[in-house]
Amino acid sequence: MVITAVLALVTTAACGGGSGSGGGSGSDDAPISATPTPSTAATTAPVAKPGGTLRLVTGQMPSGDPGWAATPAEQAVARLVTRQLYSYPSDVDLSRSTIPRPDLAVGAPMVTENGLVYTVRLRAAARWDTPNQRRITANDVARGFKRLCTPPDPSPLRGYFAATIVGFRQFCDELAATPIADAAAFVESNTIEGVEIVGDDTVAFHLLTPVNDFVDVLALPAASPVPLEALSYPPNSPDYLHNLISAGPYRFTGSQDTTPGYRLARNPSWNASSDGIRRALVDHITIIDGQSSETMLQELETGDADLSLDPVLTTARAEELAKDKDDRLAIDGVGTTLALTVGLDGPSAAALREQSIRQALPYCVDRAGLADALGGPEFATAATGLLQEPMTGYTALDPFPSADGSGDPQRCRQALRTTPGGPVTALSLLTSDSPADAAVAEALRTSFARAGIRLDIRIRTGDRYAAAAVAPRVQFWDLALTRITPAWYGDAGRTVFQPLLDETWVGPRPADGGYRELAAGRQLDAALRANSETDEVAGWEQLEQTVVASAAVIPLAVVHTPVMHSANVTTFAIVPSVGTADPTAISLGSG
């Protein structure tokens, strides 16, 4: 088999790379260029002694495959066992935790050819958890990118690479057309034109066009290097998990066949001096899966578990903890933007295609009341824009102001009753079947009723909701309840607007109402290509103004997910790009 033969060669050749005990000092840690991205901000020092066993619980155990790590649970596990060229540090200060810094890279990338080529050199001390502690090489980095489009279920994060790297889309098209049985051999024997292996320790990325957020793209879990051995197992599968080779501070130990759950211990191939991101405070980690939300919450309350990888707090319990100022409650400074996507091909298309009619819709909404219904200022804040405060270009814009953010029902009613095609007295709202969306839908129904508009709820479950939300040509809804969760924060305008606006986008979209505005597309390109901070800020401001003022997408609120940990936890910092706490930065008390 091709993979087995190549693996033997890699294992033999890597033996001369030195042991994993070498430090990260000397020229190997010197930045390649003076480029100010990424930041070198230090992480917050722990206040408790390292050690102990961190007890995690979850409903479903993630596969540990970084290429498919899109949810907070998946990204938290990836933080334990993978590394990226650049990563976000664990810090309570948002100005630090939203800026990527070198991880496997020795420093900032060397940017040449007017921003079209990013060259990154790898740390010599970074090793795989293999018997000979094989070095992580540029070929491993390239392999991680290539396998993202492996059929039949490619990575949901591949869109950022397809939109940025030369030849990535073409490689994916060829891989998608390859029989599944031949996919691993195709990955190992072919190359992406824009991912150039310069040497064992150096990789160069060739971009389709200059962009100012490429280091953030390289900090996605999906940009993690992958060892050759991983090609023997289907991506994002139980087999991948059971045979996972770690690059991070922890590795899986033991067998789930004989003991419940999963156990991790320190990875002897990992060297703390070569990793400025993961503090690896605890000695051991257990992950128990297959638990209900109720059971997980009870275990956190009693101290039988330290952290759930899934959201488990009810609104009522979170409000109680907040009211009591309970130290076990943590709330992220950023969150998910809740919005309404307006359908331009649905039942009321004749009216909603008119911008002047759409612009009445924000006045139908009581944003302040909606935020209160979602738990109040600790857990939800009314939003009038799509960018959040830590993001470049954020402004407190409000194209449709109203007293106290409660809307203007009379203005909404008047506009919708004077449309060219006749009065609009009812609109259909697409939502998922989640309890959270049901609560929001009911609040919106009440809000629209003030303006004399009946809101008919169209509920779809899981994948059926996702499919219905992004199919303008068979649209049966007028409004879609949409949750926009950025893949990262900071220079993050792309993660909000590109999946919404780019017709060539590859990968999941939060929703697609059929809005196609050439000016918005040009503004997106200009904001991404801006080569000064001033121009970048202005670019995202202009794009947001265009989209929001057109009422193609109507912001409602930023929702913050409350996280509860046990009383045994003494240090706890949520990393915005992970979506939950960094498990490597948690320290424990005596319990």
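Above this text sits the structure in question.
These figures come from a predicted structure and were not determined experimentally.

Draft legend 1. Inspection of the sheet that holds strand β10 (residues 284–288) at higher detail. If you trace the five strands from one edge of the open sheet to the other, you get β8-β9-β10-β1-β11, paired in mixed fashion. A strand with exactly one partner marks an edge of an open sheet, and here the two such strands are β8 (250–253) and β11 (307–308). Inspection of the sheet shows strand β1 (residues 53–57) paired to β11 by two bridges, in the parallel sense. The residue bridging Leu56 from the neighbouring strand is Leu307, located in β11. Each of β8, β9 (262–266) and β10 touches helix α2 (residues 72–81); the most contacted strand, β8, lies at about 100° to it.

Draft legend 2. Quick look at the pairing of strand β18 (residues 553–559). A large share of β18 lies buried, amounting to seven of its seven residues. Where strand β13 (residues 336–342) and β18 come together, six bridges link them in antiparallel fashion. Pairing of Ala339 across the sheet is with Pro555, part of β18. Two strands pair when backbone bridges link them, and strand β14 (residues 380–382) and β18 are joined in this way by three bridges, in the antiparallel orientation. Following the sheet pairing, Thr381 is matched in β18 by Val558.

Draft legend 3. Local environment of the pattern of salt bridges. For the structure shown, the criterion picks out 25 salt bridges. Of the charged contacts, one joins Arg96 and Asp93 as a salt bridge, the two residues approaching to 3.9 Å between their closest N and O atoms. Residue Arg96 is classed as partly exposed on the basis of its relative accessible area of 37%. A salt bridge links Arg278 to Asp275; the shortest N-O distance between them is 3.1 Å. Using a relative accessible area of 2% as the deciding quantity, one classes Arg278 as buried. Residue classification places Asp275 among the buried positions, given a relative accessible area of 5%.

Draft legend 4. How the structure looks around empty space enclosed by the protein. Applying the stated criterion across every chain yields a total of five cavities of 30 Å³ or more. Computed from the structure, the largest cavity encloses a volume of approximately 150 Å³. Lining the largest cavity are 15 residues, with Gln75, Gln84, Ala219, Pro221 and Val578 sitting closest to its centre. The biggest single contributor to the lining of the largest cavity is α2, with three residues. Here the residues of the lining of the largest cavity sort into eight nonpolar, five polar and two charged.

Draft legend 5. Inspection of the side chain of Asp478 at higher detail. Structurally, the position occupied by Asp478 is in the loop between α17 (462–469) and β17 (479–484). Looking at Asp478, its side chain comes within polar contact range of the main-chain nitrogen of Ser348, at 2.8 Å. In this structure the side chain of Asp478 is engaged in a polar contact, spanning 3.0 Å, whose partner is the backbone nitrogen of Ser428. Not counting residues up to four positions away in its chain, the partners in contact with Asp478 are Thr341, Val342, Gly343, Gly346, Pro347, Ser348, Leu352, Ala426, Leu427 and Ser428.

Draft legend 6. Spotlight on the nonpolar core. Of all hydrophobic cores here, the largest spans 111 residues; its most connected members are Phe161, Phe205, Leu340, Leu386, Phe448 and Phe497. Considering each element in turn, this core owes the most residues, five residues, to β18. Not counting chain neighbours up to four residues away, the residues in contact with Leu386 comprise Thr337, Ala339, Ile484, Val496, Phe497, Leu500, Glu544, Val547, Val548, Val553 and Pro555. Within the second largest apolar cluster, 31 residues are counted, among which are Ala73, Leu80, Leu244 and Ile574.

Draft legend 7. Up close: the sheet that holds β14. Taking strand neighbours across the sheet as the criterion, the six strands line up as β14-β18-β13-β17-β15-β16 in an open arrangement whose pairing is mixed. Strands at the two margins of the open sheet, each flanked by one partner only, are β14 and β16 (454–459). Taking the axes of each pair of neighbouring strands and ignoring which way they run, one obtains an average angle of 30° across the sheet. Bridge count between strand β15 (residues 426–431) and β17: two bridges; the pairing is parallel. Looking across to β17, one finds that Leu430 is bridged to Ala480. Helix-sheet contacts for helix α16 (residues 435–449) involve β13, β15, β16, β17 and β18, and the interaxial angle to β17 is about 135°.

Draft legend 8. Local environment of the packing of aromatic side chains. Counting across every chain of the model gives eleven aromatic pairs. Here the aromatic rings of Tyr118 and Phe214 are separated by 5.1 Å at their centres, their planes lie at 65°, and the arrangement is edge-to-face. Pair noted here: Tyr118 is in strand β5 (residues 117–121) and Phe214 is in helix α8 (residues 214–218), with a separation of 96 residues, a long-range link. Look at Phe214 and you get buried, because its relative accessible area is 1%. Plain terms: the ring middles of Tyr160 and Trp488 are 5.2 Å apart, the flat faces sit at 55° to each other, and that makes the pair tilted. A residue pair is termed long-range when its members are at least 10 positions apart, and Tyr160 in helix α5 (residues 159–162) and Trp488 in the loop between β17 and α18 (493–501) qualify at 328 residues. Among the aromatic residues, ring-to-ring pairing joins Tyr118, Phe145, Phe161, Phe168, Phe205 and Phe214 into one connected group.

What counts and what doesn't
Residues numbered from 1 in each chain as written. Predicted model: local features only at pLDDT ≥ 70, side-chain atom pairs only at ≥ 80, totals over all residues. Heavy atoms only, no water. Pairing = 2+ DSSP bridges. Helix = DSSP H or I, 4+ residues; strand = E, 2+ residues; numbered from the N terminus. Contact = heavy atoms within 4.5 Å. Axes fitted to C-alpha atoms, helices over the stretch in contact; angles between N-to-C directions. Buried < 20%, exposed > 50% of the residue type's maximum accessible area, 1.4 Å probe, protein only. Salt bridge = Lys/Arg side-chain N within 4 Å of Asp/Glu carboxyl O. 1 Å grid on protein atoms, 1.4 Å probe; cavity = no way out; pocket = protein on both sides within 12 Å on 5 of 7 lines; lining within 4 Å. Points joined across faces, edges and corners; volume = space filled by probe spheres on them. Nonpolar A, V, L, I, M, F, W, Y, C, P; charged D, E, K, R; others polar. Polar contact = N/O pair within 3.5 Å; in protein donor to acceptor, adjacent residues only side chain to side chain. Core = buried A, V, L, I, M, F, W, Y, C linked by side-chain atoms within 4.5 Å. Phe/Tyr/Trp six-rings, centres within 6.5 Å; stacked < 30°, edge-to-face > 60°.

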